[in-house]
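What the coordinates show
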Amino acid sequence: MITHRPTADSCLDCPPGSGRQLCDLPDGLLATFDKLKAISTCPRGQVLFTEGQRARGVFVLCQGRVRLSITSGEGRRITFHIAGPGETLGLSAVLSGQAHELRAEALDNCRVALVQRKDLLHFLRENRAACERILQVLADDLELAYQRVRQFGLARTRRGTAVSVH
Amino acid sequence: MLSPYGLDLVESCLTCKMRSERLFCDLPAAALQSFEAIKYATAYPRGAVLFVEGQAPRGIFVLCKGRVKLSICATDGKTLILKIAEPGEVLGLSASVSGKPYELTAETVDPCQVNFVKREDFLRFLKEHAEACFKVAEQLAEKYNNACHEVRALGLSHSAIEKLAKLLLDWSTRNGEASKPEPRLRMALTHEEIAQMIGTSRETVTRLFADLKKRQIIQTKGSTLLVHNKGALKVLAGAV
């Protein structure tokens, strides 16, 4: 289990204009967001969430890398994406209310900001600018997912072999 | 109003009886009025292409009636069908939000009614209506989940029979037949299209269907498919 310990670390102290998906909110909104999140550290190999698990909240990756993967019942695994700092993890499960479709595992010692599901949904409903930003994040995520569909679906059609299966 | 394609067109979203059942359409009154003012109700025949992957986003297409095939294409012309979109789904959403080209090609499977909204009107609409913005986020999240599901099916299935069995079980779930001992499905797709959904050839799909019938796992009568032995199909799908 990850232990969440609120720290003095503030999103407001992060360098502005970082181009990070969710972090680059207007100041007023960032201050609100800052109050909702809890900073956690998770060591390399720690699993943030797994497929089929109900979404507790979203993780904004502050530091380190996280592997997002899909696993079969027999333990075969596809690396879906290696997420880097600034990326938001578990967003679609939180918004749809469905279980996670992916497994997220820390590749490095990571720092993550967790926002509980109900807090995030309330934040988005109350702040249209944040919701618009989330749409961009989701559109980017979806673009990546379609790239993976293309990679696996059309590569298998052509060559009969999977790509990046571990 | 009856359209040239035999569709009973719903001219106004305000009087649409299906609105409350559809995720995006069930908007608050003020948002619905605004949407009504920016949408163009259009009817398309079967086989019409709404947009093509790689094309700059013109806007969104709210599917009111009929079904739309969403596919991606390789440079050698091979096609993979990601999904058959059903009424209530919003198409071209992520491209219209991001401003990047459409990722998919959308082609009507049946005569369809589609409400088209120009991209600039749609973005303005989202800025003015927070509830609509949130509903779009929910739709994008669902599309992302579906895409992940597709990656799993394509990337981790061992064989074409496993993928076909999964597809048939998935359809029976979507049609509300999953709890029945012998689910019944209406086969609206050709073997070629099914092949494009599971990333294999038409010949393989025809052979697999023949094999499933021979083993009395399925039966077909016209366009109706009856899953005669659901347990065996689940074993083939690796679900048990």
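Residues numbered from 1 in each chain as written. Chains lettered and ligands numbered in written order. Predicted model: local features only at pLDDT ≥ 70, side-chain atom pairs only at ≥ 80, totals over all residues.

Some words on the overall build of chain B
Short version of the rule: Going along the chain from the N terminus, every DSSP run of H or I of four or more residues is numbered as a helix, and every run of E of two or more is numbered as a strand. Between the two quantities, the radius of gyration covers C-alpha atoms and the globule rule is 2.2 Å times the number of residues to the power 0.38. Note on burial: count the other C-beta atoms lying within 10 Å of the residue's C-beta; 20 or more is buried, 12 or fewer is exposed, in between is partly exposed, and C-beta positions come from the backbone. We call two residues in contact when the distance between their C-beta atoms, placed using the backbone, is within 7 Å.
Broken down by element type, chain B carries eight helices and eleven strands. Since a compact globule built from 240 residues should have a radius of gyration of about 18 Å, the 19 Å found for chain B is in line with a globular shape. In terms of overall dimensions, chain B has a C-alpha envelope of 55 × 35 × 35 Å along the principal axes. A burial count over chain B gives 40% of its 240 residues as buried. Long-range contacts, defined as pairs at least 24 residues apart, comprise 69% of the intrachain contacts of chain B with a sequence gap of at least 6.

Comments concerning the overall build of chain A
A tally of regular secondary structure across chain A gives four helices and eight strands. Along its sequence from the N terminus, chain A presents helices and strands in the succession α-β-β-β-β-β-β-α-β-β-α-α. Residues counted as buried form 40% of the 166 residues belonging to chain A. Pairs at least 24 residues apart make up 74% of the contacts formed inside chain A by residues separated by at least 6 positions.

Things to note about the environment of Gly238 of chain B
Following the sequence through the fold, Gly238 of chain B ends up in the segment after helix 8 (230-237). Sequence separation between Gly238 of chain B and Ser159 of chain B is 79 residues; the distance between their C-alpha atoms is 11 Å. With residues up to four places along the chain from it excluded, the contact list for Gly238 of chain B reads Gly73 of chain A together with Glu162 of chain B.

A few points about the interface of chain A and chain B
How we decide: Only Asp, Glu, Lys and Arg are considered charged, only Ala, Val, Leu, Ile, Met, Phe, Trp, Tyr, Cys and Pro nonpolar, and every remaining residue, Gly among them, polar.
Each side of the interface is counted separately: chain A has 40 residues, and chain B has 35 residues. Considering each element in turn, the side of chain A that touches chain B owes the most residues, 23 residues, to helix 4 (residues 128-159) of chain A. Grouping the amino acids of the side of chain A that touches chain B by side-chain chemistry returns 20 nonpolar, eight polar and twelve charged.

Regarding the nonpolar core
Across soluble globular proteins, nonpolar side chains show a tendency to be buried alongside one another. Here is the rule we go by: Defined on buried residues, the nonpolar core groups Ala, Val, Leu, Ile, Met, Phe, Trp, Tyr and Cys residues joined through C-beta atoms within 7 Å.
Counting 111 residues, the largest nonpolar core has Val112, Leu135 and Leu138 of chain A together with Leu91, Ala137, Leu140 and Val151 of chain B as the members making the most contacts within it. Aside from chain neighbours lying at most four places away, what touches Val112 of chain A is Ser40, Cys42, Leu48, Phe59, Val60, Leu61 and Cys62 of chain A.

Some remarks on the pairing of strand 5 (residues 79-85) of chain B
Taken residue by residue, a regular strand's side chains alternate between the two faces of the sheet. Residue and element names in this part refer to chain B. The test is simple: Strand pairing is assigned whenever DSSP identifies at least 2 bridges connecting the two strands.
Both strand 4 (residues 68-73) and strand 5 contribute to a ladder of six bridges, which runs antiparallel. Paired with Ser71 across the bridge in strand 5 is Ile81. The loop that links strand 4 with its antiparallel partner strand 5 comprises five residues; one of these, Gly77, has a positive phi angle of about 95 degrees.

Digging into the packing of helix 6 (residues 191-198) of chain B against helix 7 (residues 202-214) of chain B
Residue and element names in this part refer to chain B. For clarity, the cut-off: In this analysis an axis means a line fitted to C-alpha atoms, helices contributing only their contacting stretch, and an angle means the value between N-to-C directions, from 0 to 180 degrees. Roughly parallel covers angles under 35 degrees, roughly antiparallel covers those over 145, roughly perpendicular covers 65 to 115, and oblique covers all other angles.
It is the contact of helix 6 with helix 7, at a shortest axis distance of 8 Å, that shows an interaxial angle of 105 degrees. As the angle between them shows, helix 6 and helix 7 are arranged roughly perpendicular. Across the interface between the two elements, His191, Glu192, Ile194 and Ala195 of helix 6 pack against Arg202, Thr204, Val205 and Thr206 of helix 7. Broken down by class, the residue content of the contact of helix 6 with helix 7 amounts to three nonpolar, three polar and two charged.

Considerations on the sheet that holds strand 8 (residues 112-118) of chain B
Residues and elements named next belong to chain B. Spatially, four strands are ordered 1-8-3-6 in an open sheet, and the strand pairing comes out antiparallel. Single-partner strands in this sheet number two, and they are strand 1 (39-44) and strand 6 (90-91). Here strand 3 (residues 59-65) runs beside strand 8; their pairing, made up of six bridges, is antiparallel. Considered in strand 8, the bridge of Phe61 is made with Phe116. The strands touched by helix 3 (residues 119-128) within the sheet are strand 3 and strand 8, with strand 8 carrying the most contacts at an inclination of about 75 degrees.

A few points about the confidence of the model for chain B
The test is simple: Note: pLDDT gives the predictor's confidence per residue, expressed from 0 to 100.
Mean pLDDT over chain B stands at 89; residues scoring 70 or higher make up 98%. As scored by the predictor, the complex reaches a pTM of 0.81 and an ipTM of 0.84.

Quick look at the confidence of the model for chain A
Residue-level pLDDT values for chain A average 84, and 84% of them are 70 or greater. The low-confidence segment residues 156-166 of chain A, where pLDDT is below 50, has 21 contacts with residues more than four positions distant or belonging to other chains.

Regarding the packing of helix 5 (residues 160-174) of chain B against helix 8 of chain B
All names here are of chain B. Counted only if it meets this: Crossings are sorted by hand: turned counterclockwise from the far helix by less than a right angle, the near helix makes the crossing left-handed, and turned clockwise it makes it right-handed.
Running from amino to carboxyl end, helix 5 crosses helix 8 at an angle of 130 degrees, the nearest separation of the two axes being 7 Å. The pairing of helix 5 with helix 8 is recorded here as oblique in orientation. Relative to helix 8, the crossing made by helix 5 is left-handed. Residue-level contacts link Ile161, Glu162, Ala165, Lys166, Leu168 and Leu169 of helix 5 to Leu233, Lys234, Leu236 and Ala237 of helix 8. Its residues assigned to classes, the contact of helix 5 with helix 8 comprises seven nonpolar, no polar and three charged.

A word on the environment of Ala31 of chain B
All names here are of chain B. Positionally, Ala31 belongs in helix 1 (residues 29-38). Sequence spacing of Ala31 and Leu126 is 95 residues, and the spatial spacing of their C-alpha atoms is 9.3 Å. Ignoring anything within four residues of it in the chain, the contact list for Ala31 reads His129, Glu131 and Ala132.

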